[in-house]
Amino acid sequence: MTTELSTGCVTVRSFPLREIVLPDIPRAVRRSGFDPGEMKLVARGAVEETEGGSMFRIRHWRQLYEIKGAPKSPGGEIEITAQVATSDRRTVLRIVAP
């Protein structure tokens, strides 16, 4: 995880076999004295279509996250850069330029 003080952005890079709960990250960063204005995620994984829409599963993780702007049926793994919006009930990934 990196923090950019000038822009207020936290960037999270996923690591295999170390699953974290994305909504916990802003709270952890705040405890360290930094108030993140934005959080981005860089991860490899797969887009899965569900009744509720497109979901993204980070490689080696169990949790699915709602994703907006993902390629339709890309087949196999992709790498994404996404803005992360979290709330107590929902986490949404929005694809952005790397």
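Residues numbered from 1 in each chain as written. Predicted model: local features only at pLDDT ≥ 70, side-chain atom pairs only at ≥ 80, totals over all residues. Heavy atoms only, no water.

Caption draft 1: View of the pattern of salt bridges. This model, assessed by the stated rule, comprises six salt bridges. Between Asp-24 and Arg-27 there is a salt bridge; the shortest N-O distance is 2.6 Å. Here Asp-24 pairs with Arg-27, and both are found in helix H1 (residues 24-31), just three residues apart, close to one helical turn. Of the charged contacts in the structure, one is a salt bridge between Glu-66 and Arg-90, with a shortest N-O distance of 2.9 Å. (Salt bridge = Lys/Arg side-chain N within 4 Å of Asp/Glu carboxyl O. Helix = DSSP H or I, 4+ residues; strand = E, 2+ residues; numbered from the N terminus.)

Caption draft 2: Up close: the nonpolar core. Core analysis: the largest hydrophobic core is formed by 21 residues, its most contacted members being Leu-22, Ile-25, Leu-41, Phe-56, Ile-58, Ile-80 and Leu-93. Among the elements of the structure, strand S2 (9-13), H1, strand S3 (38-50), strand S4 (53-58), strand S5 (64-68) and strand S6 (78-86) are those that each provide at least two residues to this core. (Core = buried A, V, L, I, M, F, W, Y, C linked by side-chain atoms within 4.5 Å. Buried < 20%, exposed > 50% of the residue type's maximum accessible area, 1.4 Å probe, protein only.)

Caption draft 3: Focus on the environment of Thr-81. When you line up the elements, Thr-81 lands in strand S6. For Thr-81, a relative accessible area of 12% corresponds to the buried category. The spacing of Thr-81 and Arg-13 is 68 residues in sequence and 9.4 Å in space, taken between C-alpha atoms.

Caption draft 4: Representation of the pairing of S2 within the structure. For S2, a buried count of four out of five residues is recorded, marking the element as mostly surrounded by other parts of the structure. The pairing of S2 with S3 spans five bridges and is classified as parallel. In the sheet register, Arg-13 faces S3, and the bridge partner there is Val-42. (Pairing = 2+ DSSP bridges.)

Caption draft 5: Spotlight on the side chain of Ser-54. By the element assignment, Ser-54 lies in strand S4. For Ser-54, a relative accessible area of 11% gives the class buried. Sequence-distant contacts of Ser-54, that is, excluding residues within four places in its chain, are made with Val-47, Glu-48, Glu-49, Tyr-65, Glu-66, Ile-67 and Lys-72. (Contact = heavy atoms within 4.5 Å.)

Caption draft 6: Focus on H1. Of the residues making up H1, those classed as buried are Ile-25, Pro-26 and Val-29. All buried residues of H1 project into a common sector of 95° when viewed along the axis, lining one side. On the buried face of H1, the contacting elements are S2, S3 and S6. In the stretch just after H1, Gly-33 is the one whose phi turns positive, near 100°. (Arc of directions from axis to C-beta.)

By themselves, these figures tell us nothing about what the structure is for.
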